[in-house]
Amino acid sequence: MASALHNLSSYDATSVPSAKGMSFAIVVADWNDQYTYAMAEAAIETLKKHGADENDIIVKHVPGSFELIYGAAWMVENEQVDAVIAIGCVIRGDTPHFDYICQGTTQGLAELNLKADVPVIYGLLTCNNAEQAAERCGGRLGNKGTECAVTAIKMVAYGED
Ligand code: RBF
């Protein structure tokens, strides 16, 4: 499970509780949208596959990953959902900006997780290059969106036990 080469789409479907009656918000960053949209699509498909109704899935966009913090907090505050999935993809560039965005976004989402009444799922890809992103958005390492959806369902069920 800890392997960097873990396939993000491979999981034991029998271990996933039914998502029937559960509601979700997905916040998607538009930066690197060829990757983030693929993740969002996979997340939606996976939630539906496990029984969630399409009408119980809210999708809202933010400009970049850094805005996922506000976007996710807004969802927690304003929408009656059982879990929020934050989806973004940061790709290392020539400046240290990458590190600040990754660190800031991660810290913001972690803090929100502590405060929020519902789970906030961390769907931030932090990649050294576009190839690493492609591998995790439907490529040879699966799709991070699938993993996030499964995690969201399990965390909602965790609170219901
Ligand atoms: N947002 C992302 O989601 N992924 C990125 O790879 C990314 N790279 C950025 C690189 C630079 C130089 C800048 C200025 C912004 C970048 N952003 C990226 C956007 C960031 O998350 C946020 O939207 C902006 O910094 C807000 O002005």
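As shown above, the structure is provided for reference.
Quantities reported herein were computed from a predicted structural model and do not represent experimental measurements. (Residues numbered from 1 in each chain as written. Predicted model: local features only at pLDDT ≥ 70, side-chain atom pairs only at ≥ 80, totals over all residues. Heavy atoms only, no water.)

### Description of the layout of surface pockets
Taken as a whole, the second largest pocket holds about 260 Å³ of empty space. Lining of the second largest pocket is provided by 16 residues; of these, W31, V90, I91, H97 and I101 occupy positions nearest its centre. Elements with a minimum of two residues in the lining of the second largest pocket: β3 (83-91) and α3 (97-115). (1 Å grid on protein atoms, 1.4 Å probe; cavity = no way out; pocket = protein on both sides within 12 Å on 5 of 7 lines; lining within 4 Å. Points joined across faces, edges and corners; volume = space filled by probe spheres on them. Helix = DSSP H or I, 4+ residues; strand = E, 2+ residues; numbered from the N terminus.)

### Regarding the side chain of T105
Relative to the assigned elements, T105 resides in helix α3. Overall, the relative accessible area of 0% leaves T105 in the buried class. At 2.7 Å, the side chain of T105 and the backbone oxygen of I101 are in polar contact. Contact partners of T105, with chain neighbours within four places excluded, come to S65, F66, L68, I69 and L124. (Buried < 20%, exposed > 50% of the residue type's maximum accessible area, 1.4 Å probe, protein only. Polar contact = N/O pair within 3.5 Å; in protein donor to acceptor, adjacent residues only side chain to side chain. Contact = heavy atoms within 4.5 Å.)

### Remarks on the environment of E77
For E77, the location among the structural elements is in helix α2 (residues 68-78). C-alpha separation for the pair E77 and I26, spaced 51 residues apart in sequence, amounts to 14 Å.

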